[in-house]
Amino acid sequence: MSTAAATPARTGQVLADLLPASRVRDAALVLGGAALTGLAAQISVPVPGSPVPVTGQTFAALLVGTTLGAGRGLLALALYAVAGIAGVPWFASGTSGVAASFGYILGMILASTVVGALARRGADRSMLRMAGAMLVGEAIIYAIGVPYLALATGMSATAAIAAGLTPFLIGDALKAALAMGVLPTAWKFADKS
């Protein structure tokens, strides 16, 4: 079966839908998505002059949304946020609770949901569409995270952009490039099976 013939049969699916359907599967995927995000958040590099570190958290959040779909992605990131607020030390650098960077976590919940919906419409099937989905997801995270940072710290909008957006653009481009290669390739393998 060729890839062109297999792709239409999988329209409306995300990668997680290729696993046998059950509530146990869905619960395991949600828990796994939250845990993956928490694990990725431990890859944390401080940024001089910013209360927000560079982490693997945003990449994980977008990957979770794209592979699990909107509903399970929303639940996974909401579980991640609620557990972190409750004291699970899996936010960046093993922290928990609400800090100045919490707006980015709120943004990740919405971004995971949106990229999951885009993936269900085929955004994860090609490099170009995957790049677009990642850009949309990153934009959502910053649209919530940067204003929250400004409010939480008393920074001006310009200072919040300088501390909470600008230093992260190159890293986010690299994360998007990684996703652009990984997810369409995963679908190619799935379509061959």
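Residues numbered from 1 in each chain as written. Predicted model: local features only at pLDDT ≥ 70, side-chain atom pairs only at ≥ 80, totals over all residues. Heavy atoms only, no water.

Here we come to the overall build of the protein chain. Scanning the protein chain for helices and strands turns up eight helices and two strands. For the protein chain, the C-alpha radius of gyration of 17 Å lies close to 16 Å, the compact-globule estimate for 193 residues. The principal-axis extents of the C-alpha atoms in the protein chain amount to approximately 55 × 35 × 20 Å. Partitioning the contacts of the protein chain with sequence separation of at least 6, the portion at a separation of at least 24 is 70%. As presented, the protein chain carries roughly 9000 Å² of accessible surface, and 75% of it is formed by carbon and sulfur atoms. Where the 11 positive side-chain charges of the protein chain centre and where its 6 negative ones centre are 5 Å apart. (Helix = DSSP H or I, 4+ residues; strand = E, 2+ residues; numbered from the N terminus. Rg over C-alpha atoms; globule rule 2.2 N^0.38 Å. Contact = heavy atoms within 4.5 Å. Areas by Shrake-Rupley, 256 points an atom, 1.4 Å probe, with all protein chains shown as cover. Lys, Arg positive; Asp, Glu negative; His and termini not counted. Charge placed at Lys NZ, Arg CZ, Asp CG, Glu CD.)

Secondary-structure assignment places Glu-138 in helix H6 (residues 127–153). The contacts of Glu-138, once residues within four sequence positions are left out, are Thr-58, Leu-62 and Asp-172.

Moving on to the environment of Ile-161. Within the secondary structure, Ile-161 sits in helix H7 (residues 157–164). When near neighbours in sequence (up to four residues on either side) are disregarded, Ile-161 contacts Val-146, Thr-166 and Pro-167.

Our next topic: the packing of aromatic side chains. Note on aromatic pairs: each is described by the distance of the centres and the angle between the planes. The tally for this structure, following the rule as stated, stands at five aromatic pairs. Between Tyr-104 and Tyr-142 the ring centres are 6.2 Å apart and the planes differ by 85 degrees, which places this aromatic pair in the edge-to-face class. Taken together, the residues Tyr-104 in helix H5 (residues 102–120) and Tyr-142 in helix H6 connect sequence positions 38 residues apart. In terms of burial, Tyr-104 and Tyr-142 fall into one category: buried. An aromatic cluster of at least three residues, connected via ring pairs, comprises Tyr-80, Trp-90, Phe-91, Phe-102 and Tyr-148. Just above the ring of Trp-187 sits the side chain of Arg-125; from NZ or CZ to the centre is 3.7 Å. (Phe/Tyr/Trp six-rings, centres within 6.5 Å; stacked < 30°, edge-to-face > 60°. Buried < 20%, exposed > 50% of the residue type's maximum accessible area, 1.4 Å probe, protein only. Lys NZ or Arg CZ within 6 Å of the ring centre and 35° of its normal.)

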